[in-house]
2 protein chains.
Amino acid sequence: LVDRPEERGLVYLFTGDGKGKTSAALGIVLRALGHGLRVHITYFMKGNSSGELSILSKLPNVDFASFGGGRFVEGSNIKPGDKEKARQGLADARQAVLNGSYDVVVLDEVNLAVAWNLLELEEVLRLIADKPPKVELILTGRQADTRLIKAADLVTEMLNIKHPYEKGIKARKGIDY
Amino acid sequence: LVDRPEERGLVYLFTGDGKGKTSAALGIVLRALGHGLRVHITYFMKGNSSGELSILSKLPNVDFASFGGGRFVEGSNIKPGDKEKARQGLADARQAVLNGSYDVVVLDEVNLAVAWNLLELEEVLRLIADKPPKVELILTGRQADTRLIKAADLVTEMLNIKHPYEKGIKARKGIDY
């Protein structure tokens, strides 16, 4: 693999406060589907985004599972069930990574799930270490642990330069969710 | 519009050296399609990305046009035809923005086309100023001019924290193009 690094599946990590982390993962998914690759997306913590899931369910070769319970967990407002859901999410992602059915596996918001102690950092690092060479992993979410950044091959920080919510503009259907 | 800001179409701008600018635009496009919105993508400067264009051509409600000529223009290696192609691209985007057929219009790599003087900054600013309220614009590309940043509602800088090309890993089909 060292001799043919371009054929090794990489670990992508998108973090930072700016918009574009999940969107970038979705864009990579779209491109992968265009090449006939098979994709699995595990959504941590987030409720189902209706537009996103409705189009994904129409596309071939992409499966997804959502472990968010319909509301966005906040760090200050974690309920007992949230940890269990996150753990189920990681088990789902782990199965997708290991079972040979997928070329690309997205763990959406996993960074934040670790930051908020809904998941053990060690468990996520173990998943990265255990992944078959060909599988591409995409991890998203704010507050990525430095050890996740170290374990990733490609890391982009989405820096919030300007955001309309700061001007009182609300999230809009079809664009933001 | 000031009273109902959430219904105004915004201008998104993704810039910076990190991976994820075009991918984030594509992800927003996918979400918009899921909500039944209509999308046009104008590709500046880039050659056609086969996986990306093959899946886009299969999706409903999205049109695209590419003005890249099949190779990525470099700032140091601009040919006479490049400026003309970029100008045709802007005319294409302008038509898409103004003709009422689209809810979301992406100008991919337009920031760089301006930075390299393939396009007049004033022309792009004029397009932003002239856009109908409901249309969402997405501008991508490195080296965004400060006046484009000022004109945008949402700006994310994709900061390159770590990139595998630095380790000698090449762009991979299905993921990067």
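Details of the structure are given in the entry above.
This one's a predicted model, so the numbers in the text were calculated from it and none came from an experiment.

1. Describing the pattern of salt bridges
Step number 1: Following the criterion strictly, the structure yields 15 salt bridges over all chains and no others.
Step number 2: Across the pair B:R126 and B:E123 runs a salt bridge whose closest N-O atoms are separated by 3.2 Å. Of this pair, B:R126 and B:E123 both sit in helix α5 (residues 121-130), separated by three residues, roughly a single helical turn.
Step number 3: Looking at B:R126, the relative accessible area reads 39%, which means it is partly exposed.
Step number 4: If you follow the salt bridges from partner to partner, you end up with A:R94, A:E123, A:R126 and A:D130 in one network.

2. Brief notes about the packing of helix α3 (residues 80-98) of chain B against α5(B)
All names here are of chain B.
Step number 1: Axis separation between α3 and α5 bottoms out at 10 Å; the angle between their running directions is 10°. Comparing the axis directions of α3 and α5 gives the class roughly parallel. Here L90, A93, R94, V97 and L98 of α3 come into contact with α5, specifically with E123, V124, R126, L127 and D130.
Step number 2: Here the contact of α3 with α5 is composed, by residue class, of six nonpolar, no polar and four charged.

3. What to know about the sheet that holds strand β1 (residues 11-15) of chain A
Backbone-to-backbone hydrogen bonds join strands into a sheet, with any given pair of strands oriented parallel or antiparallel.
Step number 1: Strands sit in the order β3(A)-β2(A)-β4(A)-β5(A)-β1(A)-β6(A)-β6(B)-β1(B)-β5(B)-β4(B)-β2(B)-β3(B) across an open sheet of twelve strands; the sheet is mixed. Among the strands making up the open sheet, the edge pair consists of β3 (62-67) of chain A together with β3 (62-67) of chain B. For this sheet, the mean inter-axis angle between neighbouring strands, taken without regard to orientation, is 15°.
Step number 2: Both strand β2 (residues 39-44) of chain A and β3(A) contribute to a ladder of six bridges, which runs parallel. Bridge assignment links A:H40 to a residue of β3(A), and that residue is A:D63.

4. Here we look at the packing of helix α1 (residues 21-34) of chain A against helix α1 (residues 21-34) of chain B
Step number 1: Between α1(A) and α1(B), the least distance of the axes is 6 Å, while the angle of their chain directions is 85°. Our classification of the angle between α1(A) and α1(B) gives roughly perpendicular. Taking contact as the criterion, the partners of A:T22, A:S23, A:A24, A:L26, A:G27, A:I28, A:L30 and A:R31 in α1(A) are, on α1(B), B:T22, B:S23, B:A24, B:L26, B:G27, B:I28, B:L30 and B:R31.

5. Some points on the pairing of β1(A)
All names here are of chain A.
Step number 1: Among the five residues in β1, five count as buried, and that is most of the element.
Step number 2: Of the two faces of β1, the one holding V11, L13 and T15 and the one holding Y12 and F14 are both buried throughout.
Step number 3: Here four bridges tie β1 to strand β5 (residues 136-140), and the two strands are oriented parallel to one another. In the strand pairing of β5, Y12 is matched with I138.
Step number 4: Two strands pair when backbone bridges link them, and β1 and strand β6 (residues 154-162) are joined in this way by four bridges, in the parallel orientation. Within β6, the position partnered with F14 by the bridge is T156.

Conventions adopted
Residues numbered from 1 in each chain as written. Chains lettered and ligands numbered in written order. Predicted model: local features only at pLDDT ≥ 70, side-chain atom pairs only at ≥ 80, totals over all residues. Heavy atoms only, no water. Salt bridge = Lys/Arg side-chain N within 4 Å of Asp/Glu carboxyl O. Helix = DSSP H or I, 4+ residues; strand = E, 2+ residues; numbered from the N terminus. Buried < 20%, exposed > 50% of the residue type's maximum accessible area, 1.4 Å probe, protein only. Axes fitted to C-alpha atoms, helices over the stretch in contact; angles between N-to-C directions. Parallel < 35°, antiparallel > 145°, perpendicular 65-115°, else oblique. Contact = heavy atoms within 4.5 Å. Nonpolar A, V, L, I, M, F, W, Y, C, P; charged D, E, K, R; others polar. Pairing = 2+ DSSP bridges.

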